[in-house]
Amino acid sequence: MAVRIPGINIDEYYQQLGPIEPLIRDDRVTEVMVNGSDHVYVEMSGKVLLTNIKFVDEDQLLNVIQFIVRTVGRRIDERQPLCDARLADGSRVNAVIRPLALNGPLLTIRKFSRDPFQVEDLIRFGSCNEAGFGFLKAAVLAKANCVVSGGTGTGKTTFLNVLSSFIPVEDRIVTIEDAAELQLHQEHVCRLESRPKDINGEGEITIQRLVMNSLRMRPERIVVGECRGGEALDMLQAMNTGHDGSMTTLHANSPRDALSRMETLVLMAGIDLPVRAIRQQVAGAINLICQLNRLRDGSRKVTAITEIVGMEQDVITMQDIFRSQPFSRRRPATSHPGNRHSGQPADGSYTQLVKVVLHDRTDGLGQEVRETAERKLTRLARHFGKVADAEVEFSEERKRSGLSTSVVKINVHLDGRRSPVLSATERGADPQSALDLALDKIDRQVVKHKEKITHRKQAESPVRIPIEDEAPARSPEPERIRLKLRPMSLAQAVDELEADSQVFVVFLDEDSGEIQIVARRADGSVAVIEPVVT
């Protein structure tokens, strides 16, 4: 259940709801919408349907509304003709009466599942996949500040509940809401709820005031049910002053719209701040935006997980880490060279993107080389089901002769691992040729990596694989391997030893012209062997 009101018998409470009692008890119904006494709509499986349920008259509907509102200590009348409340089981309620409701009282009830949705449920519904939730869990544990963005009815609160389940149990959490909806399962939770004005127009406690008060409660995480006004500024300041790992939701149709919406809400705080200062606050406070959308078939999906990278001049820069691909029966179109996140199949899956970071330590790198590196490394997304980061470093080495050599070093990390899974360092006459050599080595490593995973899955599979015929006996004669030596410096040989995870590297010293060997000892240190003919 959601947040129940203590001391109330649920069965007796439901009986006071009149004609809509069976709808509240029906687990298939997710929302009940009463438009006057004659029209009662429900949402089932994402579809809105008209029922044959009717109230006797408008007075009966008003009595039900008054009963719901009084139970949570709020009021609704001609002086205050609208109200947010909740049922005894925690379902969210909004009521509007005359004179604002022209055709009779309006009652909207957003029901919550008796058994709160977990990660497995949303994966089964197709809202997000395992890779997406794996990344989000790591982000929450790392105390990233997250904003859940979406339109009305997209499942923002449900998704926020799932995100909050990743918070460690030892963290002190303060939740702030208009009407209590969050269903946190941790023990150390301080729940706050705003309060409207009383009958004399006094005693109002806004969310903004609660956010300011929460800073004095030693919170480790602040979770605001929804930012609707000036509390956005206080929330950003909290995120920027040591309260990492905070979360909130807001209404927006895209991650970029969410940033614009956040700017507007900050301005509603009544403080005259320049737009650039607001954007710097937003860029410094928010780490991730999870965008939710409701599709035409009624399903709710996470359409994008976007990282806030920083600011370039007056623009907040963003990077898509995940995005949802629309379903298409046709073959995917070829990617456009200018799109750094294209070239992935539109198979209706929740697609992982590769984050490519370029480090230019040369005198000036051409745009064509940059685009080639980004385009080809982005294609690694089709090979990995985990979060992939690719770092490309361009540098130059100057020899004693005065000539310079371009060096490209590529490291590919998976799922937040510190040590790279794929790594290559190559040299060439120019950045493009060095990049091509490094990419070729990465391609070969990808093939080996996939073969390794395939063999591992076959070993773990319950299906019995036929035993192949025994390999022929090895010849007693040792195998002769011809080794082509390249002239290089000792530092270059050590780099190649580290990059390719080899046991030894044989090379021709470019200064002395002698054959030397760089080998790795058992303790991990490196030794240089200089063969001497005696």
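Preceding this paragraph is the structure being described.
Computed from a prediction, not measured in an experiment: that's the story for all the values here.

## Details of empty space enclosed by the protein
And step 1. Enumeration according to the criterion identifies one cavity of 30 Å³ or more in this entry.
And step 2. Its volume calculated, the largest cavity comes out at about 80 Å³.
And step 3. Every residue along the wall of the largest cavity is listed here: P116, F117, Q118, N161, V162, S164, S165, Q183, L184, H185 and Q186.
And step 4. In the lining of the largest cavity, the residues fall into four nonpolar, seven polar and no charged.

## Some details on the packing of helix α8 (residues 231-240) against helix α10 (residues 275-285)
And step 1. Between α8 and α10, whose axes approach to 9 Å, the crossing angle comes to 50°. Classified by the angle their axes make, α8 and α10 are oblique. Between α8 and α10 lies a crossing of left-handed hand. In this structure, α8 contributes L236, Q237, M239 and N240 to the contact, and α10 contributes Q281, V282, G284 and A285.
And step 2. Of the residues that constitute the contact of α8 with α10, the class distribution is four nonpolar, four polar and no charged.

## Points about the sheet that holds strand β1 (residues 29-35)
And step 1. With antiparallel pairing, the six strands of this open sheet are ordered in space as β3-β2-β1-β6-β5-β4. Sheet topology places β3 (47-50) and β4 (82-86) at the edges, where each strand pairs with a single neighbour. On average, each strand axis in the sheet is inclined to that of its neighbour by 15°, with strand direction left out of account.
And step 2. Bridge count between β1 and strand β6 (residues 106-110): five bridges; the pairing is antiparallel.

Conventions we followed
- Residues numbered from 1 in each chain as written.
- Predicted model: local features only at pLDDT ≥ 70, side-chain atom pairs only at ≥ 80, totals over all residues.
- Heavy atoms only, no water.
- 1 Å grid on protein atoms, 1.4 Å probe; cavity = no way out; pocket = protein on both sides within 12 Å on 5 of 7 lines; lining within 4 Å.
- Points joined across faces, edges and corners; volume = space filled by probe spheres on them.
- Nonpolar A, V, L, I, M, F, W, Y, C, P; charged D, E, K, R; others polar.
- Axes fitted to C-alpha atoms, helices over the stretch in contact; angles between N-to-C directions.
- Helix = DSSP H or I, 4+ residues; strand = E, 2+ residues; numbered from the N terminus.
- Parallel < 35°, antiparallel > 145°, perpendicular 65-115°, else oblique.
- Left-handed = near helix turned anticlockwise from the far one by under 90°.
- Contact = heavy atoms within 4.5 Å.
- Pairing = 2+ DSSP bridges.

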